[in-house]
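# Structure at a glance
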Amino acid sequence: MGIGTSIFLIAVGAILTFALDASIGGIDLDVVGWILMAVGVLGLIMTTLVWGRRREVVTTAEPVEYRRVEERRDVGPPL
């Protein structure tokens, strides 16, 4: 789950919990909103942990060897 999806779930959950005063037969929208916000926060935490691991810097002890690449041109008949 990405950061955008997590923020979207938090926003939809907050709207269902705090902004709506409607009831659908047998479904408590406040509980659905709290669940969506919890899933969004959990997804946001998990995403930041995964992205935090990807940004580690890897260094090598050996120097990098650079090689010069010669440009090759094929000479053919004129067009």
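Quick caveat: nothing in here was measured; it's all calculated off a predicted structure.

Cut-offs applied
- Residues numbered from 1 in each chain as written.
- Predicted model: local features only at pLDDT ≥ 70, side-chain atom pairs only at ≥ 80, totals over all residues.
- Heavy atoms only, no water.
- Helix = DSSP H or I, 4+ residues; strand = E, 2+ residues; numbered from the N terminus.
- Contact = heavy atoms within 4.5 Å.
- Areas by Shrake-Rupley, 256 points an atom, 1.4 Å probe, with all protein chains shown as cover.
- Buried < 20%, exposed > 50% of the residue type's maximum accessible area, 1.4 Å probe, protein only.
- Phe/Tyr/Trp six-rings, centres within 6.5 Å; stacked < 30°, edge-to-face > 60°.
- UniProt positions renumbered as here; feature names shortened; annotations may be inferred.
- Expected span 1.5 Å × (residues − 1).
- Arc of directions from axis to C-beta.

### A few points about the overall build of the chain
When its secondary structure is counted, the chain shows 2 helices and 0 strands. For the chain, the share of sequence-separated contacts (at least 6 apart) that also reach a separation of at least 24 residues comes to 55%. Put simply, the chain shows about 7300 Å² of open surface, and 63% of that area lies on carbon and sulfur atoms.

### A word on the environment of Thr5
If you trace the backbone, Thr5 turns up in helix H1 (residues 3-19). We classify Thr5 as partly exposed; its relative accessible area is 42%. For the pair Thr5 and Leu44, spaced 39 residues apart in the sequence, the C-alpha separation amounts to 8.5 Å.

### Details of the environment of Phe18
Its place among the elements puts Phe18 in helix H1. Separated by 11 residues in the primary sequence, Phe18 and Leu29 have C-alpha atoms spaced 9.7 Å apart. Those residues in contact with Phe18, other than ones at most four positions away along the chain, are Trp34 and Met37.

### Brief notes about the packing of aromatic side chains
One pass over the full model with this rule turns up 1 aromatic pair. Ring centres 5.6 Å apart and planes at 80° place the aromatic pair Phe18 and Trp34 in the edge-to-face group. Taken together, the residues span a long stretch of sequence, with Phe18 in helix H1 and Trp34 in helix H2 (residues 29-54) at a distance of 16 residues.

### A look at the UniProt feature "transmembrane region" (unreviewed entry) in the chain
In the numbering adopted here, UniProt assigns the feature "transmembrane region" (unreviewed entry) to residues 31-51. Within the segment residues 31-51, helix and strand shares are 100% and 0% respectively, and the terminal C-alpha atoms sit 30 Å apart.

### Comments concerning H1
Between its terminal C-alpha atoms H1 stretches 23 Å, which fits the 24 Å expected from 17 residues at 1.5 Å a residue. All of the buried residues along H1 are Ser6, Leu9, Gly13, Leu16 and Thr17. In an axial view of H1, the angular spread of the buried residues amounts to 95°, which keeps them on one side of the axis. Turned more than 90 degrees away from the buried face of H1, the exposed residues are Gly4, Phe8, Phe18 and Ala19.

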